[in-house]
Amino acid sequence: MKVHSLFLLLFAVSVAIHAQQIAGGDPNAKLRLDPKEKLDVVKAICLYEQTVIHIQEEDGYTKQDQHRMILQAGNNVSRYVDEKSLLFESMHDSMVNANTNATEAMNILIPLKKGYNREENYKNYPEGSITTRMFLKSTYIYEEAIPAIQWTVATGEKEIIGYICKKATCRLFGRDYEVWYSPEIPLSNGPWKFAGLPGLILEAKDQTGKVSFSCIALEFPKAVVDLYIPKSTKSAFKTKKATFRKMEEDYLKNPLGSIKSSAAGSTIKVDPEMERRASRERKKTFIELELE
Amino acid sequence: MPKIIWFFLLVACPLLVKAQTTLEGVVVEQTNGTPIEGAIIHVSDNYQEPLGFDISKKDGTFKIVVQSDVSELLVQVTLLGHATQNLTIENRNQSLKVQLQPQEIMLKEVKITARPIYTKKDTLIYNVQAFLQGQDKSIGDVLKRMPGIEVSESGSIKYKGEAINKFYIEGLDLLERKYGLATNNLPADAVRSVEVMEDHQPLKMLEDVSSTNKAALNIRLKDGKMNRPVGNLEVAFGGNPNDFLWLANLFAMHMAANRQTLVMYKTNNIGKDISVELEEHTLETLADPSVRDLLNPLAIRELSLEKPRYLFNKSHLFTLNNLWKITKQRQAKVNIHYLYDGLEEETEQISTYYTEESPLIIHESSRIDQQVNRLEATVDYTDNADAYYLFNQLKTNLKWNKSQSEVKAFGLLNHQYHTPQYLVSNKLNYAKKSNHRIFTLNAFVRYSSLPQILRVNNDTIDFENKQDIHRTGLYADISSDYRLQRGFSHWGAVLNAKGGLDKLRSNLEHQLLTDSVQNHIQNDFLDLTLSPFFAFDNKKGLKVNINLDIKQSLQWVNDRQYQTKKRFSHFFLLPSAGIRYKLNHFWEARLSYKHNRSVGDLLNFPRSVVMHNYRLYRTSSGVLSEQKSHSGSGTLNFRNPITTLFFNTGVILTQTNRNLISDQRFMNIHSVSSNIPYDNVMNSLLCFAYMGKYISSLRTNISVNASYNLIKAERIQQYKKYPITSSAWSILPKISTKINEYMNAQYQGFFSKSYQQIESSMGKLESSTLRISHSLQYYAFIKKFTVKVGGEHLYNEITSNTSVHVFFTDLTLKYTYKRAEFGIEWNNIFNQKTYEYTTYNGLDTYSFKHHLRPMSIMATLQISF
């Protein structure tokens, strides 16, 4: 397989769209630029493979969720987001620039996000907090204080993607993690909500083996890349973490439950058997990541 | 470890404590002195042994407490994108100022590998394997689970809440509007993927010109399921105390690149209504206008129960569908559907007709034996070229329905209805594009012939009353449209012409009636409508629609029986408007208004009597009916997904002015009904509300629907005019709960009370009825077994002091083994025999007692191949 820089790929895609100049369609239905708020400039891009395994207590039914997540670290703020979401956003923008017909564009864009991780985090935005954006039928936003992680530096060294890493341990949201950070990369950051070590965290694994983050690539952009948050505040529900987590848990445990109560005409008939299967097929990453 | 050692350690500890140094400081940019956040300050001794670290705060400050006796400390300040600063300092409390200089990042990179992304230009591909579950039978079962797709029980499909505009199998439109045959029967495991083509434009010539805003669905089959027969077989046998019961379904198809064949045969006598398989679903093309029977036969009634509880049937359905792809763009198709439905019903009926002297009460018990025979055949040709589009469909729709009913009332009366309908139609759609101009023509022409007969025999008199009625018609509908879009606004116009030649002849041979028994009427009409429209959508929650129909309607009536000729001309302006406003994500409001005016048709003119059953006759006043209505509605919606509370409410008000009023006269037991000239007004009000809430702690969903409606109208009965007020309220609560992973339970209730008020010279007469029902279903899933237990209780008030209770219980057990499913169904365990209910129709009351299907046991087997 050919290896490209992610940026080369994004650039190539946008060129392709410019070149295509999709003809016809309704000339007035244009894609519009999604409002964004620039938060910082990206200094480092780190790609993590995030794996979460959940096991159904009742019958041992096992399901594994794997996502390729990108950490965009800036000077002050960092963003942790699914590779697919980033690709979607940058293609969307280049399509806007190319004046692509809206429906045509959405037909290309929507499949890109298939199976993406619906949660993304903004560390130190606003200052001292983590903002989490989550899509669950609608977009929800909540803020929480950056967790004060009690790091215990342990002995041990290993190499990850060519960097010498040191070992540390911590407890975060009810899980005990073994973490590998590289003092060679002077960035006090890491995947998801991890941060605070004298070097970039390249690997984190919880003791049960159910949750892991491991770095598979690292880049330092030469060009200026903006770090932004999509400003869909108008269509996003602002909520509190506790409220959101409760709602999310209800939704994931019984996804059709809340749908049924929204069906005003009450013409929707739900086969209970289907409902049961749908609920166990749901991705439970978010629940599994934070136990407390 | 002995306690003594712990003690020793505790005592010795203070002695081991090393000197403590606090290093404080600030990290700034060398160039302009601005504080740097996130720099890593690392302290170690001469041996590179780490002693502590800190990350600089927003103001650049840091603080490290070092415990070491060494004389010198090494301080390393690093930050990505800056040159590393190494300082050697004395081991004492001190404050440092570290200046960092930007530097190009020299670290090695590990390039990010991009994943290949597979997208087809405008197609969303759902991989069926990802959604398929072991027990899915038809593709409809799988479609239900795909996000964005909804499937109704009859098999119709919606994508993102809108009806799809085409249903293809391997890119070919084999079934057209009857695609429910595929959704409900095509085996799920034969399908590889389902493609949703959003904004699908079926006309190739319009592909880059106009989009439809609708999606089409395409079923892709697995390679191994192509070029060979695929299908499934289901058989069930059982019995009840009176009958042997059966069910057999065979579905088979053969799909190849240039030819598709789909065959199905279904039969049963267990009360399953298979005629729904032939139901036509919404697609981009409109359905053919319907044709009504001329006689109202005594036919099987629909009850508010599930059909397998009361339908006594012997049904057979056969369908054959064949498609040939002639060239890449041309195809031909033949579809043949045949349905035989033999239905039986036994009822006891009490009809009460109000008159001021004394109410007329008629007791009847009837036995209806109805045979539905329906044959539908279509031949189509499509040429979907780049520059033009041609579609032509020739269709014959033949029904020869018969019904025999024996009514025990005043002696034994035997009715024999023959109500055939013969329809032949042709539909042509043509579109041509030249120099950016598009010409479209849609033409529909139909010839219909309905020679219908009723014979009534009485066991006491040796005379047969016979009604012959025959209507023939030729109907045409041609339309063309034009539209434009600018910014947030759309406007355009539709031009439509409808015309018809309609003829009716009737003749009654009656023992008592000899006068005014023949009709012979010719009615020709032409309607021209121009409908300009305007729509606005600012994409931020405000939508406005305004429509105006400018309609000229012409009618020529020639009554050859009474030697009169009339010409009617009407000009109508029919405005309608709607507005939708979305305040925020929680609230949404809608308002709409519509003005409508319409005139009647041929059936307003037969002035001679037509017999519909042994005691019901109809005539007309010979006056064209005119109707004028205003209706307005308002709704308010609330949704809060965070608290899972949903609420909506609305009101609909309608006022209808008519120039004819319904009139009923009695002569002995015979009644003659007609519409006579008298200006009257009907007002109606409908209010409804819905609330739904999901209670997560109980894994339970609760919803309540409530409605109230009020109708004020007038009727004439036995030469007297009565204002009638009827009203009804109903409440429908639903609770569904997930007990655990393996158990589900659902409850549904229905409470309804209706009131009737008649104002007569004797004062106000009031009556009311109450209906209550409860149904409870319980499901359990244990490995390969599924258990379903259901109970239903119905309470109906028949008169003010009599009421009935009915109890139903059913049990279903299923076991799945590989590609076969075995099951046992035990229905109507308490063996309920009758169902009674009362309905009101203005001044009249009807009470029915129906016979139900007895308790039955069935064994089922289903195999797919």
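Residues numbered from 1 in each chain as written. Chains lettered and ligands numbered in written order. Predicted model: local features only at pLDDT ≥ 70, side-chain atom pairs only at ≥ 80, totals over all residues. Heavy atoms only, no water.

K.L.:
With reference to specific residues and values, describe the overall build of chain B.
P.N.:
When helices and strands are tallied, chain B shows 5 helices and 44 strands. Within chain B, buried positions represent 45% of all 865 residues. When the accessible area of chain B is evaluated, it comes to approximately 43300 Å², of which 56% is carbon and sulfur surface. (Helix = DSSP H or I, 4+ residues; strand = E, 2+ residues; numbered from the N terminus. Buried < 20%, exposed > 50% of the residue type's maximum accessible area, 1.4 Å probe, protein only. Areas by Shrake-Rupley, 256 points an atom, 1.4 Å probe, with all protein chains shown as cover.)

K.L.:
Give a description of the overall build of chain A that names residues and reports values.
P.N.:
Counting its secondary structure elements, chain A contains 7 helices and 14 strands. Burial analysis of chain A (292 residues in total) assigns 59% to the buried set. Relative to all contacts within chain A whose residues are 6 or more apart in sequence, the contacts with residues 24 or more apart total 61%. (Contact = heavy atoms within 4.5 Å.)

K.L.:
Summarise helix H2 (residues 83-97) of chain A; cite the residues concerned and give the values.
P.N.:
All names here are of chain A. Compared with an ideal rise of 1.5 Å per residue, which puts 15 residues at 21 Å, H2 spans 21 Å between its outermost C-alpha atoms and is within 8% of the ideal. Counted residue by residue, H2 has 12 buried out of 15 residues, so it is predominantly covered. Considered for burial, the residues of H2 that qualify are Glu83, Ser85, Leu86, Leu87, Phe88, Glu89, Met91, His92, Asp93, Ser94, Met95 and Val96. (Expected span 1.5 Å × (residues − 1).)

K.L.:
Tell me about the sheet that holds strand E6 (residues 85-90) of chain B, and please be specific about residues and values.
P.N.:
Residues and elements named next belong to chain B. Overall, antiparallel pairing links the 4 strands, which are arranged E3-E2-E5-E6 in an open sheet. Strands at the two margins of the open sheet, each flanked by one partner only, are strand E3 (50-55) and E6. Put simply, the sheet's adjacent strands are angled 20° from each other on average, direction ignored. Judged from the 5 bridges that link them, strand E2 (residues 40-44) and E3 form a sheet pairing that is antiparallel. Looking at the pairing, His42 lines up with Phe53 of E3. (Pairing = 2+ DSSP bridges. Axes fitted to C-alpha atoms, helices over the stretch in contact; angles between N-to-C directions.)

K.L.:
Now, about the nonpolar core: what can you tell me, with residues and values included?
P.N.:
All names here are of chain B. Counting residues in hydrophobic clusters, the biggest one holds 40 residues, and the most contacted among them are Leu305, Tyr614 and Tyr835. Broken down by secondary-structure element, the contributors of at least two residues to this core are strand E20 (360-384), strand E22 (411-434), strand E23 (437-458), strand E25 (489-509), strand E30 (610-613), strand E40 (802-817), strand E42 (834-841) and strand E43 (844-851). With 3 residues, the top contributor of residues to this core is E23. Every residue in contact with Tyr835, bar those within four places of it in the chain, is listed here: Leu303, Ser304, Leu305, Arg771, Leu794, Asn796, Val806, Phe848, Lys849, His850 and Leu852. (Core = buried A, V, L, I, M, F, W, Y, C linked by side-chain atoms within 4.5 Å.)

K.L.:
Can you explain the sheet that holds strand E7 (residues 94-100) of chain B? Please cite residues and give values.
P.N.:
All names here are of chain B. Judged by pairing direction, the sheet is mixed, and its 3 strands sit side by side in the order E4-E1-E7 without closing on themselves. Each end of this open sheet is capped by a strand with a single partner; those strands are strand E4 (61-67) and E7. With strand direction ignored, the average angle separating the axes of adjacent strands in the sheet is 25°. The pairing of strand E1 (residues 20-29) with E7 spans 7 bridges and is parallel. Bridged to Val28 within E7 is Gln99.

K.L.:
Kindly report on the packing of aromatic side chains, identifying the contributing residues and their values.
P.N.:
Under the definition given, this model contains 23 aromatic pairs over all chains. The interplanar angle of 20° and the centroid separation of 5.9 Å between the aromatic rings of Phe237 of chain B and Phe244 of chain B together place this pair among those described as stacked. Three or more aromatic residues joined by ring pairs form one cluster here, namely Trp151, Phe173, Tyr177, Trp192, Phe194 and Phe213 of chain A. Against the face of Tyr228 of chain A rests Lys36 of chain A, its NZ or CZ located 4.6 Å from the ring centre. Looking at Arg607 of chain B, its charged tip hangs above the ring of Tyr562 of chain B, at a distance of 4.6 Å from the centre. (Phe/Tyr/Trp six-rings, centres within 6.5 Å; stacked < 30°, edge-to-face > 60°. Lys NZ or Arg CZ within 6 Å of the ring centre and 35° of its normal.)

K.L.:
Pulling in residues and values, what's your account of a positive patch on the surface?
P.N.:
All names here are of chain B. Taken together, Lys503, Arg505, Arg560 and Lys565 make up a surface patch of like positive charges. Of note, Lys565 is situated in strand E28 (residues 564-582). Here Lys565 falls in the exposed class, since its relative accessible area comes to 69%. (Patch = residues over 30% accessible without salt bridge, like charges linked within 9 Å, V, L, I, M, F, W, Y side chains within 5 Å. Salt bridge = Lys/Arg side-chain N within 4 Å of Asp/Glu carboxyl O. Lys, Arg positive; Asp, Glu negative; His and termini not counted. Charge placed at Lys NZ, Arg CZ, Asp CG, Glu CD.)

K.L.:
Explain the environment of Tyr310 of chain B to me, using residue names and the numbers behind them.
P.N.:
Residue and element names in this part refer to chain B. Along the chain, the position of Tyr310 falls in helix H5 (residues 307-310). In this structure, the C-alpha to C-alpha distance between Tyr310 and Pro854, residues 544 residues apart in sequence, is 8.9 Å. Those residues in contact with Tyr310, other than ones at most four positions away along the chain, are Arg301, Glu302, Leu303, Leu305, His851, Leu852 and Arg853. There is a polar contact of 3.2 Å between the side chain of Tyr310 and the backbone nitrogen of Leu303. (Polar contact = N/O pair within 3.5 Å; in protein donor to acceptor, adjacent residues only side chain to side chain.)

K.L.:
I'd love a proper account of the pairing of strand E29 (residues 587-599) of chain B, names of residues and values included.
P.N.:
Residues and elements named next belong to chain B. Taken together, the 7 bridges between E28 and E29 define a ladder with antiparallel strand orientation. Bridge assignment links Ile579 to a residue of E29, and that residue is Leu591. In the sheet, E29 pairs with strand E32 (residues 626-640) via 13 bridges, with the strands oriented antiparallel. Residue pairing across strands places Trp587 opposite Phe638, the latter belonging to E32.

K.L.:
Describe a nonpolar patch on the surface, listing the residues and the values that go with them.
P.N.:
All names here are of chain B. Side chains of Ile782, Phe785, Val789, Leu811, Leu813, Ile824, Trp826 and Ile857 sit close together on the surface and give an oily, nonpolar patch of about 660 Å² of accessible area. Secondary structure elements with two or more residues in the nonpolar patch: strand E39 (785-799), E40 and strand E41 (820-827). Along the polypeptide, Val789 turns up in strand E39. With a relative accessible area of 33%, Val789 lands in the partly exposed category.

K.L.:
Give me the side chain of Asn397 of chain B: which residues, what numbers.
P.N.:
Along the polypeptide, Asn397 of chain B turns up in strand E21 (residues 388-409). With residues near it in sequence (within four places) discarded, Asn397 of chain B still touches Leu375, Glu376, Gln421, Tyr422 and Leu423 of chain B.

K.L.:
Can you explain the confidence of the model for chain A? Please cite residues and give values.
P.N.:
Residue and element names in this part refer to chain A. Scored by pLDDT, chain A comes out at a mean of 75, with 70% of its residues at no less than 70. Within the model, the stretch residues 1-28 combines pLDDT values under 50 with 43 contacts to residues more than four positions away or in other chains. Every residue in residues 263-268 is under pLDDT 50, and counting partners more than four places away or in other chains gives 7 contacts. (pLDDT = per-residue confidence, 0-100.)

K.L.:
Describe unusual backbone geometry, with residues and values.
P.N.:
Of the consecutive residues Tyr125 of chain A and Pro126 of chain A, the connecting peptide bond is found in the cis state with omega at -10°. With respect to the helices and strands, Pro126 of chain A occurs in the loop between strand E5 (119-123) and strand E6 (129-136). A positive phi angle, near 45°, is found at Ser516 of chain B, a position not held by glycine. Relative to the elements of secondary structure, Ser516 of chain B occurs in the loop between E25 and strand E26 (518-537). We classify Ser516 of chain B as partly exposed; its relative accessible area is 42%.

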